[in-house]
Amino acid sequence: MFCSVFEMFLHGVVFMIYILNSQLRICAADLCNWSGSGFPAGVDTRMVLQVKLRCTEGSVRWLYPGRALRVVLEPNLSSVKHTTVCIKPSRTFSGANLFIERDGTLELLVTDDNRAEHVSCFRAEGPQMPAIYIQTSPLGDESWSRRWIGFRYELLANRSAATSPDHTTSCRPCNDTELLMAVCNSDFVVRGYIKDVLHNPDRHISLVEVLAARVHWQRSGLFQHQAHSDASGSPWLVPSWRGVIRAHLQCGVKPGDGEFLFTGSEHFGEAWLGCAPRYKDFLYVYRTAKASRRNPCDFPLD
């Protein structure tokens, strides 16, 4: 009698483990990237694939996407507080919604009908790092297996709102406080002119070509030095820099005359526009703040 009860208990435990495994399947990944198949999840709609990534930047590529994928970001660098997470969906991202899971709730970030290739950043404060949750839309028995979706991610420390390429805030002009913080915290600060603006409706972005007389600083080499030459082939003594800054199409960026101070953030090897006042307007704001000792950092004027 005891053996029969014990055997029934064991069968119950095995059955419960089977049910749990059918609903949450943990997938192996390297420290930074994951590329896997959703074929088992496509067969069983109850299955949620779960991936854990340990780096501050990387990518996810989901082949044959099934029903749902949950990506947990747990960087090993515990000594550095990463307060901002940025996500860039792949160009093939369609037929799915991307959510951010924070404190047990889901917040919609990328929708099925919003396929624009853009960067979205959000705060990641709290005791636990947020998770990224992808839920696919039903596409029929055949069409779901002919595609792949994915995204790139990066975790940043001490990123201010003024330098984040969020589409809801980056279109409005910066106020004086945001401008002063932007020249201190931005990934790049460049003084120059707008050479051209190209609009890409398919990707929902505008490309601003900038010719800069001075690069005050940049996190990487997105702005390249160019040596100008005269008719005899001798290089000019005045240095020149060239770079391309991205902005959301809905911001309606247009070519403008005069000198600007371009600030912004770098994400996934691209420069994104932040505050960009005319240089003379910035000088007035900075000098006024410095006279009253309200400038958050010193900025070189020449």
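Note that residues are indexed from 1 along each chain, following the sequence as it is written. Per-residue local features of the predicted model are confined to residues with pLDDT of at least 70, and side-chain atom pairs are confined, for both listing and counting, to 80 or more; whole-chain, interface and lining totals are unaffected and use all residues. In computing side-chain properties, one takes all heavy atoms of the structure into account and sets aside hydrogens as well as water.

(A) Structural context of the environment of E57. In this description a helix means any DSSP run of H or I spanning at least four residues, a strand means any run of E spanning at least two, and both kinds are numbered starting from the N terminus. Inspection of the secondary structure assignment puts E57 in strand β4 (residues 57–63). Measuring from C-alpha to C-alpha, the distance between E57 and F268 comes to 9.1 Å, with 211 residues separating the pair along the chain. Any pair of residues with heavy atoms lying within 4.5 Å of one another is described as a contacting pair. For E57, the contacting residues outside a window of four places in its chain are C32, Y153 and E154.

(B) Looking closely at helix α4 (residues 279–291). An expected span of 1.5 Å times one less than the residue number is assigned to each helix. Along its 13 residues, α4 runs 18 Å from first to last C-alpha, staying within 8% of the 18 Å computed at 1.5 Å per residue. Burial status follows relative accessibility: with a 1.4 Å probe on protein chains alone, a residue under 20% of its type maximum counts as buried, one over 50% as exposed, and anything between as partly exposed. When we look at burial in α4, the residues that qualify are Y279, F282, L283, V285, Y286 and A289. Its buried side turned inward, α4 meets α3 (176–185), β12 (188–200) and β16 (260–267).

(C) Representation of the sheet that holds strand β6 (residues 84–89) within the structure. Between any two strands, pairing holds if DSSP finds at least two bridges. The strand order across the open sheet formed by five strands is β2-β4-β11-β6-β9, and the pairing between neighbours is mixed. Every other strand in the sheet has two partners, leaving β2 (34–37) and β9 (120–123) as the edge strands with one partner each. Taken over all neighbouring pairs, the strand axes of this sheet differ in orientation by 20 degrees on average, direction set aside. Pairing geometry for β4 and strand β11 (residues 148–156), over seven bridges, is antiparallel. Bridge assignment links V60 to a residue of β11, and that residue is F151. Each axis is a line fitted through C-alpha atoms, and for a helix only the stretch in contact is used; angles between axes span 0 to 180 degrees, taken between their N-to-C directions.

(D) The state of the cysteines, seen in detail. Working definition: a disulfide is two cysteine sulfur atoms within 2.5 Å of each other. Within this structure, the stated rule accounts for four disulfides. Note that C174 is cross-linked by a disulfide to C275, the S-S spacing being 2.0 Å. Around the S-S axis, the bridge from C174 to C275 shows a dihedral of about -90 degrees and counts as left-handed. Here C174, found in the loop between β11 and α3, pairs with C275, found in the loop between β17 (270–273) and α4; they are 101 residues apart in sequence, far enough to count as distant.

(E) Molecular detail of unusual backbone geometry. One non-glycine residue, F268, adopts positive backbone phi at about 55 degrees. By the secondary structure assignment, F268 is in the loop between β16 and β17. On the basis of relative accessible area, F268 is assigned to the buried category, the value being 12%. Of note, the phi angle at R293 is positive, near 60 degrees, even though the residue is not glycine. Tracing the backbone shows R293 in the segment after α4.

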